[in-house]
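In case you want the letters, here they are:
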Amino acid sequence: MENPFKFGTVVDGKYFTDRAEEQVYLEQILNSPNHAVLISPRRFGKSSLVKEVLNTQDREVISVNLQAITSVHRLAEALYRQFFSTHPVEKAKHYFSKLRVAPTISYNPLTGSPEFSLQPTTDKQVVLEDAFGVLEKAGERKRLIVVLDEFPEILEIDKGLDKLLRSIMQEQKNINYILMGSQEDMMKKIFLRKKSPFYHFGSIIHLDRIPYPDFKQYIEDRLPLACRECGISDEILSFTDCHPYYTQQLAFQVWFELQQAAEADSSVRLAIENIVRAHDFDYSRLWESMNRTNRLVLLKLTTEETAPFENPEIPTSTIYSSLKRLVSAGILIKNGKYKYDDPFFKLWVKRLNQ
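Conventions adopted
The numbers attached to residues start from 1 for each chain and follow its sequence in the written order. For a predicted model such as this one, the threshold for reporting local features is a pLDDT of at least 70, and the threshold for listing and counting side-chain atom pairs is 80 or more; totals across whole chains, interfaces and linings nevertheless cover every residue. Only hydrogens and water are set aside; all other atoms, that is, all heavy atoms of the structure, feed into the side-chain values. Helix and strand definitions follow DSSP, with helices as H or I runs of at least four residues and strands as E runs of at least two, each counted in order from the N terminus. Whether a residue is buried, partly exposed or exposed follows from its accessible area with a 1.4 Å probe, protein chains only, as a fraction of its type maximum: under 20%, in between, or over 50%, in that order. By definition in these notes, contact holds between two residues if any of their heavy atoms fall within 4.5 Å. Surface accessibility in these figures is a Shrake-Rupley result with a 1.4 Å probe; residues are shielded only by whichever protein chains are displayed. When charges are counted, Lys and Arg are positive and Asp and Glu negative, with His and the chain ends excluded. Charged groups are reduced to one reference atom each: NZ for lysine, CZ for arginine, CG for aspartic acid, CD for glutamic acid. For our purposes a nonpolar core is just a set of buried Ala, Val, Leu, Ile, Met, Phe, Trp, Tyr and Cys residues, chained together by side-chain atoms within 4.5 Å. Any two strands between which DSSP finds at least two bridges are classified as paired. Note on method: axes are straight lines fitted to C-alpha atoms, helices fitted across the in-contact stretch only, with angles between N-to-C directions ranging 0 to 180 degrees. Any Lys or Arg side-chain nitrogen located within 4 Å of an Asp or Glu carboxyl oxygen qualifies as a salt bridge. Only the six-membered ring of Trp is used, alongside the rings of Phe and Tyr, when aromatic pairs are assigned; centres must lie within 6.5 Å, and planes under 30 degrees apart are stacked while those over 60 apart are edge-to-face, with the rest tilted. Note on criteria: charge over ring means Lys NZ or Arg CZ within 6 Å of the ring centre, with the direction from the centre no more than 35 degrees off the ring normal. To count toward a patch, a residue needs a relative accessible area over 30% and no salt bridge; like charges are then connected within 9 Å, while nonpolar side chains (Val, Leu, Ile, Met, Phe, Trp, Tyr) are connected within 5 Å. An angle counts as roughly parallel when it lies under 35 degrees, as roughly antiparallel when it exceeds 145, as roughly perpendicular when it falls between 65 and 115, and as oblique in every other case. Here a crossing is taken to be left-handed if its near helix is turned anticlockwise relative to the far helix by less than a right angle, and right-handed if that turn runs clockwise. Here the nonpolar group is Ala, Val, Leu, Ile, Met, Phe, Trp, Tyr, Cys and Pro; Asp, Glu, Lys and Arg are the charged ones; every other residue, Gly included, is treated as polar.

Novice: Looking at this structure, I do not really get the overall build of the protein chain. What am I missing?
Specialist: What the protein chain contains, in helices and strands, is 15 helices and 9 strands. Residue burial in the protein chain is summarised as follows: out of 354 residues, 49% are buried. Taking the contacts inside the protein chain whose residues are at least 6 apart along the sequence as the reference set, 71% of them involve residues at least 24 apart. Only carbon and sulfur atoms are counted for the fraction: they give 49% of the accessible area of the protein chain, which is about 18200 Å². Of the side-chain charges in the protein chain, 46 are positive and 47 negative, and the distance between the mean point of each set is 6 Å.

Here's what the structure looks like:
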């Protein structure tokens, strides 16, 4: 029998969990001339929500993760590569007719797909205007959808890239943009600060944890019938605090343990122990890579969810800096309070004091 829970990759269809309200709202945005801005911590399901909605759209999608982009020219190359992956170059030569800086095209002998390269000395503005112009022209028949993931990276790729992108994107009429990011502070800085070029560029969608009743129902619908009255779903959600990724991970392991004839009342505990044990080496390496302040902060947060906290050995400003680094690294989540992103790592750290 197939395990009904899935984690670690983008999910859709029968594995997609709730998000009904956000799904309807995103669909409405894409069916208008407007743009969407998705904000949530890592592994909260942004990509899964987008995939689920895009499955309902009979439209071409261009998707680029900006974490993989190192320069303006590489961004233009990525856009060309995505676009021509579904448009054979031989049949789409007319898109090149008005380019001021045409990319060099070669073919990868292993994949048979075209590769695009641009000389780094060419004008950045012209290169980007040409690449986005191709997408705008292609959207004349039916609006394209362009997804730019980890959007705050534009502030690191090139100085002034945010202004350049806004100057190009605000003139376009044939593209719906979905701009995504997991660094909440940076996303707010880009889209909610009045001096930012992208101030109020699109409709903002905040993805929070999935509501407890909805997640509980989702889990119970997929557990063996005999286990639905045993409180297993409550145990799972109590441990994961409704974190979408880790709830799916724990539910997956619990279902596996039950298939291995584990007792229902001990299945969650056994699943947690096996997951922590499986990640012991990774957690050890992560812990060893941290400085003393980060370790003290994380140890403190296994029993408290408030900060900054007093420590006679460490200045408050140093604690703030540590918290900021840990949030940026995705180890902590800031949502009013500071919390561990990974509840299994939290348990592993907590046991260091035992």
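Novice: Would you mind going over the nonpolar core with me for this structure?
Specialist: General note: in soluble globular proteins, nonpolar side chains tend to be found buried as a group. Counting 47 residues, the largest nonpolar core has L128, F151, L165 and F198 as its most contacted members. Every residue in contact with F198, bar those within four places of it in the chain, is listed here: F151, I154, D162, L165, R166, M169, L179, I190 and F191. A251, A264, V276 and Y338 belong to the second largest nonpolar core, which has 43 residues in total.

Novice: Could you clarify how one ought to interpret the sheet that holds strand 5 (residues 144-149) in this entry?
Specialist: Adjacent strands of a sheet form backbone hydrogen bonds with each other and so pair up, either parallel or antiparallel. Pairing is parallel in the open sheet, where 5 strands are placed in the order 2-5-6-1-7. Bordering the open sheet on either side are strand 2 (61-65) and strand 7 (203-206), each of which pairs with just one other strand. Each strand axis lies, on average, 15° off the axis of its neighbour in the sheet, ignoring direction. By the bridge criterion, 5 bridges tie strand 5 to strand 6 (residues 175-181) in an arrangement that is parallel.

Novice: Would you mind going over the pattern of salt bridges with me for this structure?
Specialist: Side-chain pairs of opposite charge can arise whenever the charged atoms involved come near each other. Scanning all chains against the criterion turns up 13 salt bridges. Notably, a salt bridge pairs R19 with E22, separated by 3.7 Å at the nearest N-O pair. Here R209 and D241 are joined by a salt bridge, their closest N and O atoms 3.9 Å apart. Of the two residues, R209 is situated in the loop between strand 7 and helix 8 (212-222) and D241 in the loop between helix 9 (232-240) and helix 10 (244-259); the sequence distance between them amounts to 32 residues. For D241, a relative accessible area of 36% translates into the label partly exposed.

Novice: Could you clarify how one ought to interpret the pairing of strand 8 (residues 332-335) in this entry?
Specialist: Along any regular strand the residues' side chains alternate between the sheet's two faces. As paired strands, strand 8 and strand 9 (residues 337-340) are joined by 4 bridges and run antiparallel to one another. Bridge pairing links I333 to K339 in strand 9.

Novice: Help me understand the side chain of D149, please; the structure alone is not making it clear to me.
Specialist: Tracing the sequence through the fold places D149 in strand 5. No salt bridge is formed by the buried D149, whose closest oppositely charged neighbour, K46, lies at an N-O distance of 5.7 Å. Apart from residues no more than four positions distant in its own chain, D149 is found in contact with S47, V64, N65, L66 and M180.

Novice: Would you take a moment to explain the packing of aromatic side chains for this structure?
Specialist: For any two aromatic rings, the description comes down to two numbers: the centre-to-centre distance and the angle of the planes. Enumeration according to the criterion identifies 19 aromatic pairs in this entry. Taking the centre distance of 5.1 Å and the plane angle of 80° together, the rings of F151 and F198 count as edge-to-face. In this pair, F151 is assigned in the loop between strand 5 and helix 5 (154-157) and F198 in the loop between helix 7 (184-192) and strand 7, connecting sequence segments 47 residues apart. Exposure remark for F198: the relative accessible area of 0% places this residue in the buried category. The rings of F7, F239, Y245, Y246, F252 and F344 are connected pair by pair, giving a single aromatic cluster. The ring of Y245 carries the charged tip of R43 above its face, separated from the ring centre by 5.6 Å.

Novice: Can you help me understand a positive patch on the surface in this one?
Specialist: Taken together, the side chains of K189, R193, K195 and K324 make up a positively charged region of the molecular surface. Mapped onto the secondary structure, K324 falls in helix 14 (residues 316-328). On the accessibility criterion, K324 (66% relative accessible area) is exposed.

Novice: It is not clear to me how helix 8 should be interpreted in this structure. Could you clarify?
Specialist: Residues spaced three or four apart along an α-helix point in a common direction, a consequence of the helix completing one turn every 3.6 residues. When helix 8 is considered as a whole, its buried residues turn out to be F215, Y218, I219 and E220. Taken together, the buried residues of helix 8 touch helix 9 and helix 10.

Novice: Got a minute to help me understand the pairing of strand 1 (residues 36-39) in this structure?
Specialist: Residues A36 and L38 point to one face of strand 1 and V37 and I39 to the other, with burial holding for every one of them. Here strand 1 pairs with strand 7 via 4 bridges, running parallel. Across the sheet, residue L38 finds its bridge partner in strand 7, namely I205.

Novice: Mind showing me how you'd approach unusual backbone geometry here?
Specialist: For residues besides glycine, phi is generally negative; the peptide bonds are generally trans as well. In this structure, H200 is a non-glycine residue whose phi angle is positive, near 55°. Within the secondary structure, H200 is located in the loop between helix 7 and strand 7. Look at C242: it is not a glycine, yet its phi comes out positive at around 65°. If you trace the backbone, C242 turns up in the loop between helix 9 and helix 10. Residue class for C242 comes out buried when judged on its relative accessible area of 7%.

Novice: Sorry if this is basic, but what is going on with the packing of helix 8 against helix 10 here?
Specialist: Helices that pack against each other are described as a pair by the angle of their axes relative to one another and the distance between those axes. Where helix 8 contacts helix 10, the two axes come as close as 11 Å, and the packing angle between them is 25°. Relative to helix 10, the element helix 8 lies roughly parallel. The element helix 8 and its partner helix 10 pack so that their crossing is right-handed. Contacts from F215, Y218, I219 and R222 in helix 8 reach P244, T247, Q248 and W255 in helix 10. Of the residues assigned to the contact of helix 8 with helix 10, the class counts are 5 nonpolar, 2 polar and 1 charged.

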